Amino acid sequence: MQDRVPDNRPYFFLSYAHTPQWSPDSGDPDHWVRVLFNDLCSHIMALTDLPAGSPAGFMDREMRSGEGWPEKLSENLAACRVFVPLFSPRYFSSEMCGREWYAFHERMLNARTTGTATVSAIVPALWTRVDMRELPDSVRHIHVEDASSGGRYLNNGIYGLIKLSRLRDEYDETVFGLAGRIVQAAREARLPPGRPRDYESTPSAFKPRGTGPRHIRLTVAAPTEDSVPEHRDARPYGDDARDWNPYHTESTRALSTHAEELIRSLDYRVTVAAFDDENPAEESHGSGERQPGILLVDQWALSDEERRSRLKTFDAYARPWVSAIVPRCRADLQNHGQEGRRLAEELERVMPTILERARRGDTRVGVNGVPTLKSFTKVLPEVVAYTTRQFLKNAEVRLPPGPHIPRPRLADPYPPSGPDAGDDPGGEA
């Protein structure tokens, strides 16, 4: 019988918003976060079989000022079993916390897409009280458990429990329960390690309020299983265009599902549609005018003459904030055969406007044939950011209905006098 390989990875990554000092002699503003971290580590060592010397958890406080801390941060986000965000108003305005959330959530989505893990490994905790109605869309699906009787945990957060001496027992019970949920989540999720993500290129999962559109329209142009050419491998297709799974050798889920969850993790709302169900001219002049759009294009969709014509119309009417991504799986040999190459050339003739815009706008990787699911996962946030910028730059400002009111003008308090006074355009003739 083969011995089980020990798993000595940290059980949790503690993600928290650093509190700024309010005066030079105010002490360490994150002292109580450190207390919580140490208590969680003590409980987890008692609840598990981690060997001595193995880290029970990770927090970045001790290495924030040292060189190489982004790499250390990324390594632990890729290795830890559970992600523990400390919710507070400051947390959701922190770009660093948003990057940590996105990196871990992307790792979970990759594991879900490949079928290696399906259970969430995010266990949130309330550091201070937050209004759940104000949470970013990217985190609304995460449940915050009331770990304290009488709602004192929800009303005060862990910070309130630890600071108020009369609630000390509540604090001990809450932290012990949190440690138990971390251990349980690690066992149920069994999230495999991932590759460290470059911190500087990681987007934030928290989109600042009032910084542009919060809705993306995702449209899939692909054949269905019934409409694909006879000689084409039908495994990437399903009953609907949205079932298209070009990376089926890597993924167990439709590409639109993976893309939708990635976009939601960037704090956008998403509408997913099949191109065959859309009117290309109305889409470009209608709902596409009010929100950024991304078209996922399978080059095999051009095998159908009617669809090819509709894609050409779509391209002719496409607004600057409509982008495209062209997945072309490296492992799909038909993509690189004679017909596959012909269809790639045909796509250039059918959609010249959108493809050329992408190449000028530095998202050329997305339209040059995305070879792997990993590449797609990397390029999608870049296309979302580019498309949003184009919307903000080019979309017309819609004035509210009503009569036009001219802008007020300030009169000169010292009108000119003399023979030329009547020439003043602001004065009386």
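Scroll up to find the structure this text is about.
Okay, so let's go over this structure. (Residues numbered from 1 in each chain as written. Predicted model: local features only at pLDDT ≥ 70, side-chain atom pairs only at ≥ 80, totals over all residues. Heavy atoms only, no water.)

## Let's talk about unusual backbone geometry
If a residue is not glycine, its phi is most likely negative; likewise, a peptide bond is most likely trans.
Consideration 1: The phi dihedral of Arg-190 falls on the positive side, at around 50°, and the residue is not glycine.
Consideration 2: For Arg-190, the location among the structural elements is in the loop between α5 (168–189) and β5 (215–221).
Consideration 3: Note on Arg-190: relative accessible area 63%, which makes it exposed.
Consideration 4: Although it is not a glycine, Asp-267 adopts a positive phi angle of roughly 75°.
Consideration 5: Tracing the chain through its elements places Asp-267 in the loop between α6 (255–264) and β6 (269–274).
Consideration 6: Judged by relative accessible area, Asp-267 falls into the buried class, the value being 0%. (Helix = DSSP H or I, 4+ residues; strand = E, 2+ residues; numbered from the N terminus. Buried < 20%, exposed > 50% of the residue type's maximum accessible area, 1.4 Å probe, protein only.)

## Side note on the packing of aromatic side chains
Consideration 1: If you walk through the whole model with that rule in mind, you get 17 aromatic pairs.
Consideration 2: When the ring of Trp-127 is compared with that of Tyr-159, the centres are 5.6 Å apart and the planes differ by 50°; the resulting orientation is tilted. In this pair, Trp-127 sits in the loop between β4 (125–126) and α4 (152–163) while Tyr-159 sits in helix α4, placing the two residues 32 residues apart along the sequence.
Consideration 3: Ring pairs connect the aromatic residues Phe-13, Phe-58, Phe-83, Phe-87, Tyr-91, Phe-92, Trp-101, Phe-104 and Phe-206, which therefore count as one cluster.
Consideration 4: Over the ring of Tyr-199 we find Arg-99; its NZ or CZ atom is 4.9 Å from the centre of that ring.
Consideration 5: Sitting above the plane of the Phe-275 ring, Arg-310 keeps its charged end 4.7 Å from the centroid. (Phe/Tyr/Trp six-rings, centres within 6.5 Å; stacked < 30°, edge-to-face > 60°. Lys NZ or Arg CZ within 6 Å of the ring centre and 35° of its normal.)

## Structural notes on the sheet that holds β5
Consideration 1: Taken in spatial order, the four strands of this open sheet run β6-β5-β7-β8, and their pairing is parallel. Taken across any chain shown, the strands that pair with only one partner, and hence form the sheet edges, are β6 and β8 (322–325). Looking at each pair of strands side by side, their axes are set apart by 25° on average, direction ignored.
Consideration 2: Taken together, the six bridges between β5 and β6 define a ladder with parallel strand orientation. By the bridge assignment, His-215 is partnered in β6 with Arg-269. (Pairing = 2+ DSSP bridges. Axes fitted to C-alpha atoms, helices over the stretch in contact; angles between N-to-C directions.)

## Comments concerning the nonpolar core
Consideration 1: Judged by nonpolar contacts, the single largest core of 115 residues is most densely connected at Phe-12 and Trp-101.
Consideration 2: For Trp-101, the residues in contact, after removing those within four places along its chain, are Phe-83, Pro-85, Phe-87, Tyr-91, Ile-122, Ser-138, Val-139, Ile-142, Ala-205 and Phe-206. (Core = buried A, V, L, I, M, F, W, Y, C linked by side-chain atoms within 4.5 Å. Contact = heavy atoms within 4.5 Å.)

## Quick notes on a negative patch on the surface
Consideration 1: On the surface, a cluster of negative charge is contributed by Glu-225, Asp-226, Asp-239 and Asp-243.
Consideration 2: Residue classification places Asp-239 among the exposed positions, given a relative accessible area of 68%. (Patch = residues over 30% accessible without salt bridge, like charges linked within 9 Å, V, L, I, M, F, W, Y side chains within 5 Å. Areas by Shrake-Rupley, 256 points an atom, 1.4 Å probe, with all protein chains shown as cover. Salt bridge = Lys/Arg side-chain N within 4 Å of Asp/Glu carboxyl O. Lys, Arg positive; Asp, Glu negative; His and termini not counted. Charge placed at Lys NZ, Arg CZ, Asp CG, Glu CD.)

## As for the sheet that holds strand β1 (residues 12–15)
The strands making up a sheet associate through hydrogen bonds between their backbones, and the pairing can be parallel or antiparallel.
Consideration 1: What the four strands build is an open sheet, ordered β2-β1-β3-β4; its pairing is parallel. Each of the sheet's edge strands pairs with one partner strand only, and the pair in question is β2 (57–58) and β4.
Consideration 2: In this sheet, strand β3 (residues 82–87) lies alongside β1 in parallel orientation, the contact comprising four bridges. What sits directly across from Phe-12, in β3, is Val-82.
Consideration 3: Packed onto the sheet, helix α3 (residues 95–114) meets β1 and β3 and runs at close to 150° relative to β3.
Consideration 4: Where α5 meets the sheet, it contacts β1, β3 and β4, and its direction lies at approximately 145° from that of β3.

## A closer look at the environment of Glu-278
Consideration 1: Within the secondary structure, Glu-278 is located in the loop between β6 and α7 (280–285).
Consideration 2: The spacing of Glu-278 and Thr-219 is 59 residues in sequence and 8.9 Å in space, taken between C-alpha atoms.
Consideration 3: For Glu-278, the side chain forms a polar contact with the side chain of Arg-217, separated by 2.9 Å. (Polar contact = N/O pair within 3.5 Å; in protein donor to acceptor, adjacent residues only side chain to side chain.)

## Concerning helix α10 (residues 352–360)
Consideration 1: Looking only at α10, the buried set comprises Ile-354, Leu-355, Arg-357 and Ala-358. Within α10, the buried residues cover an arc of 160° as seen down the axis, which keeps them to one side.
Consideration 2: At the exit of α10 stands Asp-362, carrying a positive phi of roughly 70°. (Arc of directions from axis to C-beta.)

Interpretation note: all reported values are geometric properties and have no functional meaning in isolation.
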